[in-house]
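# Descriptive analysis of the structure
Chain by chain, the residues:
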Amino acid sequence: MLSSIFTVSLAQSAIELGCIYALVALALFVSFSILNIADLSTDGCFTLGCAVCAMVTLQGHPFLGLLAAMGAGVASGFVTAFLQTRLGVESILAGIIVNTGLYTINIAVMGFSSINLFASKTIFTMAKEAIGGNWYEIIAILIIIVIVAIVLILFLGTRLGLSIRATGDNPFMVRASSISPIFTITVGLCVANAMTGLSGGLLAQYQRSCDINIGTGQVTIALASLIIGETLVGKGSVAKRIFGVILGSCLYRFIVAIALRFNVPAECLKLVSSIIVAVAISLPYLRQKAAFMKTKRVAMAKRKQGGNL
């Protein structure tokens, strides 16, 4: 029974999709965990990266497509930051406004129809020619995710990266240090959305298609991955937390893949995602509550023994 559920193909697919979606989770790590900003433009930005990359890939430029997807993400992040920092729009409202506007933009980028890339060259077809075998996709994805993780770790260790981290902790202290929170928030959101756009571009080339609904629910998926990773790995260095986010994304895809193995209808996957998020968010509190109850029981037992003596 277990061998029919946990197969090599399931593990391979979960790791591949987990690493692709881990880029969105890393984006949420920057915006939500570091900058303390709830960026709800993720869904639209993901679709934007997917659409831009697909259109450029159709012209025979897969690598340029990924760079274009990142550039589109930067533009989306800049608009979101501009609404927050220059126009005084609350972060949640700014994300909703950008996400709503991106729906029309994404349709226009896609030419008002879905995009098919089965006849186009992608980084995965190139990896198949260069590497061969059955593991070329996962190797290509791992190379990209490792590069992104290393660059992000190094960036967050620079003076600008430390300023971005400080902005999320205490923007008033950052302003008192003659550093503009407007600039750090803008850079942070541009970096985060660049990773979201790259994730969308990778998915477009991975599944060789793109449609307007491809980004629906990305915030929920990324949040689940982020919380699962932080729950398992805990706090610590930036490198440790980034590794936890990637691990959480892969575990999330494992859970979804197992749910599909148990013939859970595709229409119920959003409900499964919501349950995973709820459990992941509640787990630290439940763990703390269980530890408190255990300590309370031990204290009561010792008090009872003392009374008997």
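Let me sum up the structure you'll find in this document. Not measured: the values here are computed from a predicted model.

So, on to the overall build of the chain. A count of helices and strands for the chain gives 13 helices and 2 strands. By the compact-globule yardstick of 19 Å for 309 residues, the chain fits well, its C-alpha radius of gyration being 22 Å. If one aligns the C-alpha atoms of the chain with their principal axes, the spans along those axes are about 85 × 60 × 35 Å. Counting only residues that meet the buried cut, the chain has 47% of its 309 residues in that class. In the chain, the share of contacts with a sequence separation of at least 24, taken over all contacts with a separation of at least 6, comes to 79%. Carbon together with sulfur atoms contributes 68% to the accessible area of the chain, which is approximately 15,500 Å² in total. Where the 21 positive side-chain charges of the chain centre and where its 10 negative ones centre are 17 Å apart.

Another point: the nonpolar core. Note on soluble globular proteins: their nonpolar side chains tend to be buried together. In terms of nonpolar packing, the biggest core is built from 60 residues, with F29, F124, L202, L203 and I242 touching the most fellow members. Elements represented by at least two residues in this core include exactly α2 (8–34), α3 (42–58), α4 (62–85), α6 (123–130), α7 (136–156), α10 (181–207), α11 (218–233) and α12 (238–261). Examining the composition of this core, we find that 14 residues originate from one element, α2, more than from any other. Apart from residues no more than four positions distant in its own chain, F124 is found in contact with Y136, E137, A140, I141, L202, Q205 and Y206. Grouped together as the second largest cluster of nonpolar side chains are 10 residues, I221, A224, V256 and V272 included.

A separate point is the packing of aromatic side chains. Evaluation of the coordinates by the stated rule reveals 3 aromatic pairs. Plain terms: the ring middles of Y21 and F46 are 6.1 Å apart, the flat faces sit at 20 degrees to each other, and that makes the pair stacked. Here Y21, found in helix α2, pairs with F46, found in helix α3; they are 25 residues apart in sequence, far enough to count as distant. Residue Y21 is classed as buried on the basis of its relative accessible area, which comes to 11%.

Let us look at a nonpolar patch on the surface. Judged by side-chain polarity, V8, I131, W135, I139, I143, I147 and V151 come together as a nonpolar surface patch covering roughly 640 Å² of accessible area. No other element matches the 4 residues that α7 contributes to the nonpolar patch. On the secondary structure map, I147 appears in helix α7.

Glancing now at the side chain of N193. Topologically, N193 is positioned in helix α10. Apart from residues no more than four positions distant in its own chain, N193 is found in contact with D39, S41, C45, G73, V74, S76 and G77.

Attention now goes to unusual backbone geometry. In this structure, N36 is a non-glycine residue whose phi angle is positive, near 60 degrees. Mapped onto the elements, N36 comes out in the loop between α2 and α3. According to the relative accessible area criterion, N36 is exposed, its value standing at 58%.

Now for the packing of α4 against α10. Angle between the axes and distance between the axes: these two values describe a pair of packed helices. For the pair α4 and α10, the least separation of the axes is 6 Å and the interaxial angle reads 145 degrees. Every pair of crossing elements has a handedness; the one defined by α4 and α10 is right-handed.

Under the definition given, this model contains 1 salt bridge. In this structure, E230 engages R241 in a salt bridge whose closest nitrogen and oxygen atoms are separated by 3.9 Å. Residue E230 is located in helix α11, and its partner R241 is located in helix α12; the two are separated by 11 residues in the primary sequence. By relative accessible area, which is 24% here, E230 ends up partly exposed.

Turning to α3, a few remarks are in order. Here α3 is 17 residues long and its end C-alpha atoms lie 24 Å apart, about the 24 Å a rise of 1.5 Å per residue gives. Judged by how many residues are buried, α3 sits mostly within the fold: 15 of 17 residues are covered. At the C-terminal side of α3, G60 shows a positive phi close to 90 degrees.

Below, the discussion takes up the environment of S199. Structurally, the position occupied by S199 is in helix α10. S199 gets classed as buried once you look at its relative accessible area, which sits at 0%. The spacing of S199 and R261 is 62 residues in sequence and 25 Å in space, taken between C-alpha atoms. Residues within four places of S199 in sequence aside, it is in contact with I20, Y21, L23, V24 and F46. Within the structure, S199 has its side chain in polar contact with the backbone oxygen of I20 (distance 2.7 Å).

We now examine α2. Maximal helix bending in α2 amounts to about 30 degrees, located at A22. Positive phi shows up at N36, right after α2, with a value of about 60 degrees.

With that settled, the discussion passes to the environment of T85. Relative to the helices and strands, T85 is located in helix α4. Put simply, T85 and P181 are 96 residues apart on the chain and 8.6 Å apart in space, counted from C-alpha to C-alpha. When sequence neighbours within four positions are dropped, the list of residues in contact with T85 reads I182, I185 and T186. Reaching out from T85, the side chain makes a polar contact with the backbone oxygen of A81 at a distance of 2.7 Å.

Reading the values: the criteria
- Residues numbered from 1 in each chain as written.
- Predicted model: local features only at pLDDT ≥ 70, side-chain atom pairs only at ≥ 80, totals over all residues.
- Heavy atoms only, no water.
- Helix = DSSP H or I, 4+ residues; strand = E, 2+ residues; numbered from the N terminus.
- Rg over C-alpha atoms; globule rule 2.2 N^0.38 Å.
- Buried < 20%, exposed > 50% of the residue type's maximum accessible area, 1.4 Å probe, protein only.
- Contact = heavy atoms within 4.5 Å.
- Areas by Shrake-Rupley, 256 points an atom, 1.4 Å probe, with all protein chains shown as cover.
- Lys, Arg positive; Asp, Glu negative; His and termini not counted.
- Charge placed at Lys NZ, Arg CZ, Asp CG, Glu CD.
- Core = buried A, V, L, I, M, F, W, Y, C linked by side-chain atoms within 4.5 Å.
- Phe/Tyr/Trp six-rings, centres within 6.5 Å; stacked < 30°, edge-to-face > 60°.
- Patch = residues over 30% accessible without salt bridge, like charges linked within 9 Å, V, L, I, M, F, W, Y side chains within 5 Å.
- Salt bridge = Lys/Arg side-chain N within 4 Å of Asp/Glu carboxyl O.
- Axes fitted to C-alpha atoms, helices over the stretch in contact; angles between N-to-C directions.
- Left-handed = near helix turned anticlockwise from the far one by under 90°.
- Expected span 1.5 Å × (residues − 1).
- Polar contact = N/O pair within 3.5 Å; in protein donor to acceptor, adjacent residues only side chain to side chain.
- Bend = angle between axes of the 7 residues up to and from the residue.

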